[in-house]
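# Observations on the model geometry
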2 protein chains.
Amino acid sequence: MTSSGIPGATVNRLPIYLRVLVDLADQGRSTIASEALAELSGVNASKVRKDLSHLGTYGTRGVGYEVPFLVAEISRELGLTEDWPVAIVGFGNLGHALVNYKGFEDRGFHVVAVFDADKTKVGQKVGKLVVQDVNALKKVAGTQAISIVILATPAAVAQQVADKVVAAGIKSILNFAPAIINVPDDVSVRKVDLSMELQILSFYQQRTRS
Amino acid sequence: MTSSGIPGATVNRLPIYLRVLVDLADQGRSTIASEALAELSGVNASKVRKDLSHLGTYGTRGVGYEVPFLVAEISRELGLTEDWPVAIVGFGNLGHALVNYKGFEDRGFHVVAVFDADKTKVGQKVGKLVVQDVNALKKVAGTQAISIVILATPAAVAQQVADKVVAAGIKSILNFAPAIINVPDDVSVRKVDLSMELQILSFYQQRTRS
């Protein structure tokens, strides 16, 4: 249970619903039944209704939920109506791809700084940004009000970079490095495993084989 | 419900449990209580027990689940004990990062071919692979038994590339392009939204602000 009274498991599902709802909105859909939303989200319908009731949203019997309203509600609950200055540490191929990833900007996550430890990368331009030395992280984090750091370093240096991030006073880390990092209790870490959706595909693919 | 009798929502959660269990195994843990697994996975404990019961796995009262056994069971159920030849279409920064992504190989997903439409990229080497013309997809898919394609193209060309993938007889697509693609019913598509975990971080971050 979070301090807002919304269970952690519900928080984890809100981005899933939001992704489905944004796709529906893009397709011009104005309402969606809880059963249909459940099906598209891979969650059962009673769970969907319970999750959304935590937001004070109940839908209308026989009509369902209003898509634009629900997009706005979930966005607000997740804090996506605020602007989040984000820094990326690690300017390899993944870091480079993430700097340009349109899906961040669309959700209010603005990449305002990029760092690397490699002196040959420091000074390189990427869009409107210039790659900075990772040792400048603390200073830059203060002046640019960076609230979230995306770790896109090799696994071998992930912990030492995470230590610098923590020392800079940043409380949220999104970890793309294939390594477990240890941080103090007041720092939130989410780990991204790019193979998770592939695993779901392979489940279905193996069934078609046999 | 899938043809195997495992509900789709359970399938969607198996990779989450697997990620947690692999981390625990790496830390040397041999058993885990369902409550602890639930907490680490962001799912409630009764749901965890029900999900795992679909695999015929029940744990031992007072002890919990055996971590290595459960890793093996979930891996087998997801088809991760098989080898999956994967092709990546789109050799921009993201495609390049994905070719080198260690997390795929670790789960049995072998990137065996890379394609791009850009003639200046075709012929470039990346590790042991050479970037091929996307128009060769159908021919290569047959000879290399490619079962899954990862789309890492710009949004604007995602649909036309998806059409080529479908024409090549491939039934599973992992879509990183920020676009909705339409495919026949017998083709599975999973969409990756790299901002999903960021949204969970922003939920907690906004609470610490206020």
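Throughout what follows, the structure given in this document is the object of discussion. (Residues numbered from 1 in each chain as written. Chains lettered and ligands numbered in written order. Predicted model: local features only at pLDDT ≥ 70, side-chain atom pairs only at ≥ 80, totals over all residues. Heavy atoms only, no water.)

On to the overall build of chain A, then. Along the backbone of chain A there are 9 helices and 9 strands. Based on the C-alpha atoms only, the size of chain A along its principal axes is roughly 60 × 45 × 35 Å. By residue count, 54% of the 210 residues in chain A fall in the buried class. Of the roughly 9,300 Å² that chain A leaves accessible, carbon and sulfur atoms contribute 52%. In chain A, 22 side chains carry a positive charge and 20 a negative one; their mean positions are 3 Å apart. (Helix = DSSP H or I, 4+ residues; strand = E, 2+ residues; numbered from the N terminus. Buried < 20%, exposed > 50% of the residue type's maximum accessible area, 1.4 Å probe, protein only. Areas by Shrake-Rupley, 256 points an atom, 1.4 Å probe, with all protein chains shown as cover. Lys, Arg positive; Asp, Glu negative; His and termini not counted. Charge placed at Lys NZ, Arg CZ, Asp CG, Glu CD.)

Right, let's get into the pairing of strand β6 (residues 129-133) of chain A. All names here are of chain A. Note: strand β4 (residues 109-116) against β6, 3 bridges, orientation parallel. From the neighbouring strand, aspartate 116 faces β6, where its bridge partner is aspartate 133. Judged from the 2 bridges that link them, strand β5 (residues 125-126) and β6 form a sheet pairing that is antiparallel. Residue pairing for β6: lysine 125 is matched across the bridge by valine 130. The hairpin turn running from β5 into β6, its antiparallel successor, is 2 residues long, and glycine 127 in that turn takes a positive phi close to 60°. (Pairing = 2+ DSSP bridges.)

Once that is clear, we can look at the sheet that holds β5(A). All names here are of chain A. Ordered in space as β5-β6-β4-β3-β7-β8-β9, the 7 strands form an open sheet in which the pairing is mixed. At either margin of the open sheet sits one strand with a lone partner, and together these are β5 and β9 (188-191). Against the sheet, helix α8 (residues 155-167) contacts β3 (84-89), β7 (148-151) and β8 (172-175), and its axis sits at roughly 170° relative to β7. (Contact = heavy atoms within 4.5 Å. Axes fitted to C-alpha atoms, helices over the stretch in contact; angles between N-to-C directions.)

Across the boundary between the two partners, chain B contributes 68 residues, which contact 68 residues of chain A. For the pair chain B and chain A, the two sides together bury roughly 6,400 Å², of which 61% comes from carbon and sulfur. Three residues, Leu194(B), Leu198(B) and Leu201(B), lead the burial of chain B against chain A; their summed loss comes to 11% of the area buried on that side. Here Arg190(A) ties to Glu197(B) by a salt bridge, and the two come within 2.6 Å at their closest N and O atoms. (Buried area = accessible area lost by both parts, 1.4 Å probe. Salt bridge = Lys/Arg side-chain N within 4 Å of Asp/Glu carboxyl O.)

Even without a glycine there, the phi angle at Ala145(A) is positive, about 55°. Along the chain, Ala145(A) turns up in the loop between α7 (137-143) and β7.

Rotating chain B by 180° and moving it 0.0 Å along the rotation axis overlays it on chain A with an RMSD of 0.0 Å. On this basis, the relationship between the two copies can be described by a two-fold rotation axis. Looking at the rotation axis and the C-alpha trace of chain B, the residue lying nearest is Asn93(B), at 2.6 Å. Both copies contact each other with a shared surface, as 100% of the interface residues of chain B are interface residues in chain A too. (Least-squares fit on C-alpha atoms with pLDDT ≥ 70 in both.)

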